[in-house]
Amino acid sequence: MRRKAFQRETLAWYVKHGRMFPWRAGKSLWGRDPYQVLVSEVMLQQTQVDRVIPYYERWMERWPTVKRLARARLASLIKAWAGLGYNRRAIYLHEAAIKVVSELGGQFPRTEEELVKLPGVGRYTARAILAFAFGQDVGVLETNTKRVLLRIFFGTNSLGELKMLLGQEVSAHSLCTQRMGEERVPHGDSPENAHLARRESLGNSLRSVSVSRTSSIPFSTASAPNGNSKSIITDK
């Protein structure tokens, strides 16, 4: 599948099937508060979306800004996080907020290299902040978006098989895989920057989709360069 067709069909799919979440509220999906992006991305780590939503809403009501979070008592944060699991994430959020406020003047960095210096922020979260808060043209790949790219462009669901195809080490967060995602991001200051969120939504939908139940998925078997159509999404 050609890059432009992939972008166009993903955006069209989202118009019909996309879900709206509180961290996507507003007129656009870019230019959002980086603090809100950080909180949502950290909460969504290893936690299902429907479980995160009420926690996110309560959290943002109580600590709506990075400065408010930096001043909060850690015990209060842990209590608010209770039931969400992996409490260390709340501690990282608090530590990151303190660093942003005390060392960076309350302003989030605008480069991946600086963002990953914040406690608990890895490359995926850093790129999500760059894309969704600052509108930068970067690839944002996690398990679900990786699944979309593997199926559509390589005809496989396996990183191991992709490694054999490309002849190099790959993972969901490897430089090779990130670049693969970056090459397929619409560039420029336009609504198409929201493509990243659309692709994540599509990836979430593919989590439980079998090849026999793909009438709502917009891609065809012609996408696979290796001729493997078994794991490619089909459409009639």
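Structure: see above.
Note that this is a predicted model, so its numbers are computed, not measured. (Residues numbered from 1 in each chain as written. Predicted model: local features only at pLDDT ≥ 70, side-chain atom pairs only at ≥ 80, totals over all residues. Heavy atoms only, no water.)

Caption draft 1: Highlighting unusual backbone geometry. The backbone of Gln46 sits at a positive phi, close to 60°, despite the residue not being glycine. With respect to the helices and strands, Gln46 occurs in the loop between helix H2 (34-44) and helix H3 (49-62). We classify Gln46 as exposed; its relative accessible area is 65%. A positive phi is found at Tyr86, a non-glycine position, where the angle reads about 50°. Summarising the element assignment, Tyr86 is placed in the loop between helix H5 (74-81) and helix H6 (88-103). (Helix = DSSP H or I, 4+ residues; strand = E, 2+ residues; numbered from the N terminus. Buried < 20%, exposed > 50% of the residue type's maximum accessible area, 1.4 Å probe, protein only.)

Caption draft 2: Representation of the nonpolar core. Residues Tyr35, Met43, Trp59 and Phe108 are the most contacted members of the largest nonpolar core, which totals 43 residues. At the level of elements, H2, H3, helix H4 (66-71), H5, H6 and helix H8 (123-132) are the ones that each hand at least two residues to this core. Not counting residues within four places of it along the chain, the set of residues in contact with Met43 comprises Val52, Tyr55, Tyr56, Trp59, Trp81, Leu84 and Arg89. (Core = buried A, V, L, I, M, F, W, Y, C linked by side-chain atoms within 4.5 Å. Contact = heavy atoms within 4.5 Å.)

Caption draft 3: Representation of the pattern of salt bridges within the structure. In the structure shown here, the tally under the stated rule is 4 salt bridges. Here Asp50 and Arg19 are joined by a salt bridge, their closest N and O atoms 2.8 Å apart. One end of the pair, Asp50, is in helix H3; the other, Arg19, is in the loop between helix H1 (3-17) and H2, with 31 residues separating them in the sequence. Residue Arg19 is classed as partly exposed on the basis of its relative accessible area, which comes to 42%. Through salt bridges with shared partners, a single network forms among Glu112, Arg123 and Arg127. (Salt bridge = Lys/Arg side-chain N within 4 Å of Asp/Glu carboxyl O.)

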